[in-house]
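Notes for the structure review
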Amino acid sequence: MRFVFIIVLFVNLLNAQSALQEIINSVKENAIINLPKGLYKGNLEIKKPVTIIGHPDGSTIYGDGEDTVIKVTGSFVTLKNLIIRNSGDMHQDLDAGITVHDATYVEILDCDIDDCLFGIDMQNVTNSKIIGNKIKSKDFDLGLRGDGLRLWYSNDNLVKKNHLRHSRDMVVWYSHGNMIEENFGEYSRYSLHFMYTGANTVRNNTYEHNSVGIFFMYSRDTVAYGNVIKNSLGATGMGIGLKEASNFTIKDNTVIYCAQGFYIDWSPFEPEMPNLIEGNHILYNAEGMHFHAISIDNDIKNNNFVGNMENVVNDSKKTQISQNRWEGNYWDDYEGFDRDRDGVGDTPYVSFAYADKMWLYNPDVKFFYGSPVIAIIDFLAKLAPFSEPVLQLKDHKPRIQR
């Protein structure tokens, strides 16, 4: 058991602005510094085990508008209940509210980070906890903001119950074994973006009003379940994206009101490592599931396709997405019956691609989707198509009830 020194600071505002770095430097390892309410000068650096706890009425650490407000370069550091403001605005320097480099067992808890280019930047950090923080970038255009939370070569961390808003992305790059759960992200670009990662778990997060909900790139061996993604709109709007992703389990997620519910690009990428997409609610999107490039050998089971303008779209004519395994999905446009009442349709669900669907090729026509004119055109296209329709998929056991 580590011996803990407790230092309670009762200093006036003037002294607090100049003294905090000196106190951090002077205390013994494992000290606990309880800050009273007040304003403290930022651009701090913490190199040794120490705990800093802010006052419930507000302990604000204010940067000078250049560089990072708090730099952590030591292990066993805890920052709790701090208000952090006014980092620099240089992307090349990764100016942030908090940076943690080359450390382990660091905790950042219940902090309020605003007006900082990057929120929390973690590089080569392991076995740490980022819990309950509120993070917002500077008031820049979307592409000029920094990332709300950035994990870079950082493994086996817990990221939980954070609220990210008006930042650019939350990124997990070259990082493995992280648990990302119960976070809320809104009004950003990528609410969660993975690259070159493995064995992460993403569960019970909620992402709303972002360009992209969750995007997995060049990654494998990851589980994502229980997440809710809403209103990912615009030219790049998608709920969940897979690009060159292998051995994923995407289960029991809800994707609703997005331009594309799922976007699948060359996934799975590695042979004999299929992805399982099961039990998801794919609701009221422009496209329920969009396939690009060679995307076959996925197990797509027991999902609910409801209210989408088009349930499945394949933009690569030479790739047969029927080579994925479709089974037990609920399709709101299924036209069969269940005479034996076993909950499974008597005939397979079959989806064809008709060249006559104008709105698939002209986005402006989507405005009229659902109108009597478009309904008649779609009916006539199925009744007497101008060209031979292309089989997209066949689900041999479509469910009758959701």
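Bear in mind that the values here come from a model prediction, so they are computed numbers and not experimental data.

Scanning the protein from N- to C-terminus turns up 2 helices and 41 strands. Counting over 402 residues, the protein shows a buried share of 51%. For the protein, the proportion of contacts with a sequence separation of at least 24, taken over those separated by at least 6, is 53%. Approximately 18,400 Å² of the protein is accessible, and the part contributed by carbon and sulfur atoms is 54%.

A side chain of one charge can pair with a side chain of the opposite charge when the charged atoms of the two come close. Under the criterion given, the structure shown has 18 salt bridges. Salt-bridge contacts for Glu 181 lead to Lys 160; the nearest nitrogen and oxygen are separated by 3.7 Å. Taken as a pair, Glu 181 in strand 20 (residues 179-181) and Lys 160 in strand 17 (residues 158-160) lie far apart in primary sequence, 21 residues in all. On the basis of relative accessible area, Glu 181 is assigned to the buried category, the value being 5%. Salt bridges sharing common partners tie together Lys 160, Glu 181 and Arg 203.

Ile 70, Phe 216 and Met 289 are the most contacted members of the largest nonpolar core, which has 71 residues in total. Among the elements that take part in this core, helix 1 (residues 13-26) stands out by supplying 4 residues, more than any other. Once residues lying within four places of it in the same chain are set aside, the contact partners of Ile 70 are Leu 44, Ile 46, Ile 61, Leu 79, Leu 82, Ile 84, Gly 97, Ile 98 and Thr 99. Counting 6 residues, the second largest nonpolar core, distinct from the first, contains Met 195, Val 212, Met 217 and Met 238.

Turning to its location among the elements, Lys 161 is positioned in the loop between strand 17 and strand 18 (163-165). In this structure, Lys 161 is in contact with Gly 132, Asn 133, Glu 181, Glu 182 and Asn 183, ignoring residues within four places of it in sequence.

Within strand 31 (residues 260-265), 6 of the 6 residues are buried, which leaves the element mostly enclosed by the surrounding structure. Examined bridge by bridge, strand 28 (residues 238-243) and strand 31 share 5 bridges and lie parallel to one another. What sits directly across from Ile 240, in strand 31, is Phe 262. Sheet topology note: the strand 31/strand 34 (residues 287-292) ladder contains 5 bridges and is parallel.

On average, residues of the protein score 90 in pLDDT, and 87% of them reach the 70 mark or higher. A low-confidence stretch, residues 1-17 (pLDDT under 50), is modelled with 35 contacts involving residues beyond four sequence positions or located in other chains.

A cluster of nonpolar side chains, namely Trp 266, Phe 269 and Ile 294, defines an oily patch on the protein surface of about 290 Å² accessible area. One can find Trp 266 in the loop between strand 31 and strand 32 (276-278).

Note on placement: Asn 298 falls in the loop between strand 34 and strand 35 (299-301). A relative accessible area of 0% means that Asn 298 is categorised as buried. Within the structure, Asn 298 has its side chain in polar contact with the side chain of Asn 275 (distance 3.1 Å). When neighbours within four sequence positions are excluded, Asn 298 is seen to be in contact with Ile 264, Ser 267, Pro 268, Asn 275, Asn 324 and Arg 325.

The 12 strands lie next to each other as 4-7-10-13-16-19-22-25-28-31-34-37, forming an open sheet whose pairing is parallel. Both outer strands of the open sheet, strand 4 (44-46) and strand 37 (310-314), are each paired with one neighbouring strand and no more. Averaged over all pairs of adjacent strands, the angle between strand axes in this sheet comes to 10 degrees, irrespective of strand direction. Here strand 34 pairs with strand 37 via 4 bridges, running parallel.

Right, let's talk about the packing of aromatic side chains for a bit. Here the distance between the centres and the angle between the planes together describe a pair of aromatic rings. Scanning the entire structure with this criterion turns up 17 aromatic pairs. Between Tyr 174 and Tyr 196, the aromatic rings sit 5.2 Å apart at their centres with planes inclined by 10 degrees, giving stacked as the arrangement. In this pair, Tyr 174 is assigned in the loop between strand 19 (169-173) and strand 20 and Tyr 196 in the loop between strand 22 (190-195) and strand 23 (201-203), connecting sequence segments 22 residues apart. Overall, Tyr 174 belongs to the partly exposed group, its relative accessible area being 28%. The partly exposed category is assigned to Tyr 196, whose relative accessible area is 39%. Their ring planes at 55 degrees and their centres at 6.5 Å tell us that Trp 266 and Phe 269 sit as a pair that is tilted. By relative accessible area, Phe 269 is classed as partly exposed at 43%. One aromatic cluster in this structure is built from Trp 152, Tyr 153, Trp 173, Tyr 174, Tyr 196 and Tyr 218.

Parameters and conventions
- Residues numbered from 1 in each chain as written.
- Predicted model: local features only at pLDDT ≥ 70, side-chain atom pairs only at ≥ 80, totals over all residues.
- Heavy atoms only, no water.
- Helix = DSSP H or I, 4+ residues; strand = E, 2+ residues; numbered from the N terminus.
- Buried < 20%, exposed > 50% of the residue type's maximum accessible area, 1.4 Å probe, protein only.
- Contact = heavy atoms within 4.5 Å.
- Areas by Shrake-Rupley, 256 points an atom, 1.4 Å probe, with all protein chains shown as cover.
- Salt bridge = Lys/Arg side-chain N within 4 Å of Asp/Glu carboxyl O.
- Core = buried A, V, L, I, M, F, W, Y, C linked by side-chain atoms within 4.5 Å.
- Pairing = 2+ DSSP bridges.
- pLDDT = per-residue confidence, 0-100.
- Patch = residues over 30% accessible without salt bridge, like charges linked within 9 Å, V, L, I, M, F, W, Y side chains within 5 Å.
- Polar contact = N/O pair within 3.5 Å; in protein donor to acceptor, adjacent residues only side chain to side chain.
- Axes fitted to C-alpha atoms, helices over the stretch in contact; angles between N-to-C directions.
- Phe/Tyr/Trp six-rings, centres within 6.5 Å; stacked < 30°, edge-to-face > 60°.

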